Amino acid sequence: MPEPKAKRRRVSEETKTYNLEEVFCVKFNPDVEELWKWACSSNTDNPQDSLYPLLNLKLCGVFKYLQDFKDKKENTLFKDQKGKPASKDKGKGEDKNRVSEESVKLHMLDREWQCPPEFQPCARNKSHLFGFWRDTPTENPIFVVEKKNGCGVITPVATDLFDLIRVLGKREKVSPSKDLDKLINKHASTEDLRRITAARNKTVVAKTFNKIGIVVPISKNDVGYRPLTMTYAELDEMLTKSSETEDEAKKDKILAPFDECINYIQFANDECDYGMGFEMGMCVYSHATSRNFMGTISSLLPLSYDLLGRTLYSKIMRKTCEEAESGSML
């Protein structure tokens, strides 16, 4: 007897209209649509604030786009100077999607310094920024992560948005309304966060200072990654001490091993071990002194994403560095 065909998930007209995957050039899980529907019914004037009375949590990022869409605000991000819809320029790379400058601008919504491109902001409270995590632009969000204000450490916190509400509710010792609780029970992922995290950890080649680490493909011949020429303790000491001195001669002496490692990264890239430069770039980006090393970050990370075929992430990182250098990013 043939197996019954799986029911095809019905895509709502709302979702077709929002067309999130088209405009953001990444995939989303159903939790975004379902939570937004509830948010619009809970707070018709400002759905982004629908969770504020319960958790002091404001929806942001993709929800800022949805809020503007709901309010029928003119979205200048998707128009050229003459007011016509902007064209989509196709990007190269493993995702092979439409990586336009407009899409990159959308990914900058509520983005903060030390949020790598894998981190897409979706909610925030007074102390933390929360976001979807995708190791590559082609995959669905793996889980929801959190980053404390002013800190580069990123931690998995929930399987999806509804699980995040449940987790934060337990932290704050508050209970959701009956309709929200019903929605959580219906739509929250039944997957175990520890299992998901453990499975991902097997693919992480280096933890970096952000603790969540980086994922790069490794060939059967072990091509793709080689370790840094120094320990994290040594790198931390170099970055910290060089930022504490204003004497350029002392700074050069402190950073001599660091500069030598940067030279080795060029050789690693030539031999397709792209993970080395990726690791160093992410370590510096997530370090407390990162703003003192803008040049290093802007030269290492965008290139690493390009070499890995993650075109969208390369563009997001370049834009992040531009905004940080101009002083327009927190």
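In this text, all values refer to a predicted model and were calculated from it rather than measured experimentally.

## Overview of the overall build of the protein
- When its secondary structure is counted, the protein shows 15 helices and 7 strands.
- Evaluated residue by residue, the protein yields a buried proportion of 49% over its 330 residues.
- For the protein, the proportion of contacts with a sequence separation of at least 24, taken over those separated by at least 6, is 60%.
- When the accessible surface of the protein is split by element, carbon and sulfur atoms take 51% of a total near 17400 Å².

## What to know about the packing of helix H12 (residues 256-270) against helix H13 (residues 275-285)
- Viewed as axis vectors pointing N to C, H12 and H13 meet at an angle of 145 degrees, and their least axial separation amounts to 8 Å. Between H12, through Phe258, Cys261, Ile262, Tyr264, Ile265 and Ala268, and H13, the contact on the second element is made entirely by Met276, Gly277, Met280 and Val284.
- Among the residues making up the contact of H12 with H13, the classes are represented as 9 nonpolar, 1 polar and no charged.

## Notes on the packing of aromatic side chains
- What the rule picks out here adds up to 10 aromatic pairs.
- Seen from their ring centres, tyrosine 305 and tyrosine 313 are 5.8 Å apart, and the 80 degrees between their planes marks the pair as edge-to-face. In terms of burial, tyrosine 305 and tyrosine 313 fall into one category: buried.
- Three or more aromatic residues joined by ring pairs form one cluster here, namely Phe24, Phe28, Tyr65, Phe69 and Phe132.
- The ring of phenylalanine 28 carries arginine 134 above its face, with NZ or CZ at 5.1 Å from the centroid.

## Describing the sheet that holds strand E1 (residues 58-59)
- Spatial ordering of the open sheet is given by E1-E2-E3-E4-E5, a layout of 5 strands whose pairing is antiparallel. Two strands in the sheet have a free side with no partner beyond their single neighbour: E1 and strand E5 (154-158).
- The pairing of strand E2 (residues 119-124) with strand E3 (residues 128-133) spans 5 bridges and is antiparallel. Within E3, the position partnered with arginine 124 by the bridge is leucine 129.

## With respect to helix H5 (residues 62-70)
- Every buried residue belonging to H5 is among Val62, Phe63, Tyr65, Leu66, Gln67 and Asp68, and all of these are buried.
- Positioned one or two residues after H5, lysine 72 has a phi angle of 55 degrees, which is positive.

## Re the pattern of salt bridges
- Applying the stated criterion across every chain yields a total of 14 salt bridges.
- Among the salt bridges present, the one from aspartate 49 reaches lysine 58, with a minimum N-O distance of 2.8 Å.
- With relative accessibility at 30%, the residue lysine 58 sits in the partly exposed group.
- Arginine 194 serves as the salt-bridge partner of aspartate 192, at 3.7 Å between the closest nitrogen and oxygen.
- Classification of aspartate 192 as partly exposed rests on a relative accessible area of 34%.
- By relative accessible area, arginine 194 is classed as exposed at 68%.

## Digging into the nonpolar core
- Residues Phe24, Val32, Phe63, Leu235, Phe258 and Met280 are the most contacted members of the largest nonpolar core, which totals 79 residues.
- Looking at this core, the element that brings in the most residues is H13, giving 7 residues.
- Beyond its immediate stretch of four places on either side in the chain, leucine 235 contacts Phe209, Leu228, Met230, Phe258, Met280 and Cys283.
- If you look at the next biggest cluster of nonpolar residues, it comprises 11 residues, including Phe119, Leu129, Phe143 and Ile196.

## Looking at a negative patch on the surface
- On the surface, Asp247, Glu248, Asp252 and Asp259 cluster together into a patch of negative charge.
- Topologically, aspartate 252 is positioned in helix H11 (residues 248-254).

## Topic: the environment of glutamate 34
- The residue glutamate 34 is located in helix H3 (residues 31-42) in this model.
- The exposure class of glutamate 34 is buried, given its relative accessible area of 16%.
- A sequence separation of 127 residues divides glutamate 34 from leucine 161, and the C-alpha atoms of the two residues are 9.7 Å apart.

## Structural notes on the environment of leucine 129
- Relative to the helices and strands, leucine 129 resides in strand E3.
- Between the C-alpha atoms of leucine 129 and lysine 148, which are 19 residues apart in sequence, the distance is 6.5 Å.
- Here leucine 129 is in contact with Cys60, Asp110, Glu112, Cys115, Phe119, Pro121, Ala123, Arg124, Val145, Glu146, Lys147 and Asn149, once residues within four sequence places are set aside.

## So, the side chain of histidine 287
- Position of histidine 287 relative to the elements: it lies in the loop between H13 and helix H14 (294-307).
- Residue classification places histidine 287 among the buried residues on the basis of a relative accessible area of 6%.
- With residues near it in sequence (within four places) discarded, histidine 287 still touches Gln114, Phe209, Asp236, Leu239 and Thr240.

## Examining the confidence of the model for the protein
- Within the protein, residue pLDDT values average 89, and 87% of them lie at 70 or more.
- Low pLDDT, under 50, characterises residues 1-16; the stretch is placed with 7 contacts to residues that sit more than four places away or in other chains.

The rules behind each value
Residues numbered from 1 in each chain as written. Predicted model: local features only at pLDDT ≥ 70, side-chain atom pairs only at ≥ 80, totals over all residues. Heavy atoms only, no water. Helix = DSSP H or I, 4+ residues; strand = E, 2+ residues; numbered from the N terminus. Buried < 20%, exposed > 50% of the residue type's maximum accessible area, 1.4 Å probe, protein only. Contact = heavy atoms within 4.5 Å. Areas by Shrake-Rupley, 256 points an atom, 1.4 Å probe, with all protein chains shown as cover. Axes fitted to C-alpha atoms, helices over the stretch in contact; angles between N-to-C directions. Nonpolar A, V, L, I, M, F, W, Y, C, P; charged D, E, K, R; others polar. Phe/Tyr/Trp six-rings, centres within 6.5 Å; stacked < 30°, edge-to-face > 60°. Lys NZ or Arg CZ within 6 Å of the ring centre and 35° of its normal. Pairing = 2+ DSSP bridges. Salt bridge = Lys/Arg side-chain N within 4 Å of Asp/Glu carboxyl O. Core = buried A, V, L, I, M, F, W, Y, C linked by side-chain atoms within 4.5 Å. Patch = residues over 30% accessible without salt bridge, like charges linked within 9 Å, V, L, I, M, F, W, Y side chains within 5 Å. Lys, Arg positive; Asp, Glu negative; His and termini not counted. Charge placed at Lys NZ, Arg CZ, Asp CG, Glu CD. pLDDT = per-residue confidence, 0-100.

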